[in-house]
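# Results of the structural survey
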Amino acid sequence: MPSELEDLVEFLHHGNTQIRQISVEELVPYSTAQPDIFKRHQLLPIKDLKLLIKDYPPIAKNVFTILVNLSEDAEVLKILMDDDAFLESLLRRVTDAKEPNANLQCMLLANLSKATSITKLLTLKREVPKQLSTSPIAIDQLLDCFVKGAGGSYNKEADYDYLSYLFADLAKHEEGRKHFLAPRKEDSNVIPLTKLIVFTEHKSTIRRRGVANTIKNVCFDVDSHARLFRSEEEGEGGIGLLPYILLPLMGSEEYSDEDTDGMLDECQLLPPNKEREKQNDILITHLESLLLLTTEKESRQRLREVKVYPIVRELHMHVEDEGVRESCDRLVQVIMRDEEGEGDGQPKVQEVEEDEDEQIVDIV
């Protein structure tokens, strides 16, 4: 005989709204405690859940919670991502200014981004939400949700922070990096990455972490390093990335005139209440981005010119986390070492020596 739990799963496709609502409410905790119950009968419960995202908002909220928790499973991930109609239904809700469950849907998209097929968002055309975007491309619309969500100007029920994890995963793919670095004719030739980097010091830890990882993954595109260094005012597709990586590494400490000579304007004369990034994993991510930016000699020289070393030195002195300090050491060994044919090839200074990526969202 079927157990009570198996009966609950069967009620997901019941014709009575109240019974469906009770069923999904009771099943939420089992989406983490006993996820295999949803894989019975060739994943029939998952097929039911895909349909129930269109149900009444209280039911849909619990359905999205269940799907977020189950989407870590490879089989569930595949059945969700292979269904273009489901994806369109999800996108329609995320981009709806009145959708009450948009944040949960962003969590689900963040988990779906673990599938390589998530790159379809880079070219997927859909109806343009007039109040949101000027682009018919899905990823552009999601980026506009993310930007407007920071100030709550689009949907009062959503901040869209978890979309940053989606962007980070997309930037792991070459086509994703190219998208974030290319001017969008559908959006007044704005470069998507310039919309993201301004959030490296946002109040939301989720947003800061996702943006930091997006930046790091974009930095794997070595051919674009010159553009990343170049400011927007300098033209030629300049992005002006450096201040947005360096400022989170800095606190309120004062620097000598020698240290500040050459520093970026944005990094000088910081207020006495300037706070350094509090999350060690985010600090490490920014340091890893800087390390990636040392790939070419010209880039290393640029980092020396803008006095990255004193900033990293102070970070090493003020943060006692071993992972942060190791990342500081690796970076210093590269930017302060003589170039080939110069000096003895050893680091010029030793002061610093003296002294995770993929996110799966679970909802319990």
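Residues numbered from 1 in each chain as written. Predicted model: local features only at pLDDT ≥ 70, side-chain atom pairs only at ≥ 80, totals over all residues. Heavy atoms only, no water.

### Observations regarding the pattern of salt bridges
Our working definition: The salt bridge definition used is simple: a Lys or Arg side-chain nitrogen within 4 Å of an Asp or Glu carboxyl oxygen. Only DSSP runs of H or I covering at least 4 residues are called helices, and only runs of E covering at least 2 are called strands; the numbering of each starts at the N terminus.
Summed over all chains, the structure comprises 29 salt bridges. With a shortest N-O distance of 3.4 Å, E186 and K185 are connected by a salt bridge. E201 is the salt-bridge partner of K274, the closest N and O atoms lying 3.1 Å from each other. You can see K274 sitting in the loop between α16 (257–260) and α17 (280–292) and its partner E201 sitting in the loop between α12 (192–196) and α13 (205–218), a full 73 residues away along the chain. Within the structure, one salt-bridge network assembled from shared partners comprises D140, R184, K185 and E186.

### Concerning the side chain of D140
Condition: Pairing of N or O atoms within 3.5 Å defines a polar contact, subject to two protein rules: one partner must be a possible hydrogen donor and the other a possible acceptor, and residues neighboring in sequence count only if both atoms are side-chain atoms. Residues are treated as being in contact if the distance between any of their heavy atoms lies within 4.5 Å.
Tracing the chain through its elements places D140 in helix α9 (residues 138–149). For D140, the side chain forms a polar contact with the side chain of R184, separated by 2.7 Å. In this structure, D140 is in contact with S133, S135, H179, R184 and E186, ignoring residues within four places of it in sequence.

### A short note on the nonpolar core
Put simply, the test is: For this analysis, a nonpolar core means a set of buried residues of the types Ala, Val, Leu, Ile, Met, Phe, Trp, Tyr and Cys, connected via side-chain atoms within 4.5 Å. Burial classification: accessible surface area is computed with a 1.4 Å probe over protein chains only, and a residue below 20% of its type maximum counts as buried, one above 50% as exposed, and the rest as partly exposed.
With 107 residues, the main nonpolar core has L112, L142, L163 and F167 as its most contacted residues. Beyond its immediate sequence surroundings of up to four residues, F167 is in contact with I139, L142, L143, F146, F180, L196 and T214.

### Details of the packing of α13 against α17
To keep things clear, this is the line we draw: Simply put, an axis is a line fit to the C-alpha atoms, just over the touching stretch for a helix, and the angle between two N-to-C directions goes from 0 to 180 degrees. We call two directions roughly parallel when the angle between them is under 35 degrees, roughly antiparallel when it is over 145, roughly perpendicular when it lies between 65 and 115, and oblique otherwise. By the definition used in this description, the sense in which the near helix is turned from the far one sets the handedness, with an anticlockwise turn below a right angle giving left-handed and a clockwise turn giving right-handed. We call Asp, Glu, Lys and Arg charged. Ala, Val, Leu, Ile, Met, Phe, Trp, Tyr, Cys and Pro are nonpolar, and the rest, Gly among them, are polar.
Here α13 crosses α17 at 20°, and the two axes come no closer than 9 Å. Between α13 and α17, the interaxial angle falls into the category roughly parallel. Along this stretch, α13 crosses α17, giving a crossing that reads as left-handed. Each of T205, R208, R209, A212, N213, I215 and K216 in α13 lies in contact with α17, whose residues at this interface are D281, I282, T285, H286, E288, S289 and L292. Of the residues assigned to the contact of α13 with α17, the class counts are four nonpolar, five polar and five charged.

### Some thoughts on helix α8 (residues 102–112)
Here α8 lies mainly inside the structure; ten of its eleven residues are buried. Where α8 is concerned, the buried positions are A102, L104, Q105, C106, M107, L108, L109, A110, N111 and L112. Structurally, α8 contributes buried residues whose contacts are with α5 (57–70), α6 (74–81), α7 (84–94), α9 and α10 (163–170).

### Quick notes on the layout of surface pockets
Where we set the bar: Detection works on a 1 Å grid of protein atoms alone, calling trapped sets that fit a 1.4 Å probe cavities and calling open sets with protein on both sides within 12 Å along at least five of seven lines pockets, with lining residues defined by an atom within 4 Å of a point. Grid points are joined across faces, edges and corners, and a volume is the space filled by probe spheres set on the points.
In this structure, the largest pocket occupies an estimated 430 Å³ of space. Lining the largest pocket we find 22 residues, and of these F229, S231, G240, P243 and E266 sit closest to its centre. Taken together, the elements giving at least two residues each to the lining of the largest pocket come down to α14 (225–229) and α15 (242–246). With three residues, the single largest contributor to the lining of the largest pocket is α15. Of the residues that constitute the lining of the largest pocket, the class distribution is ten nonpolar, four polar and eight charged.

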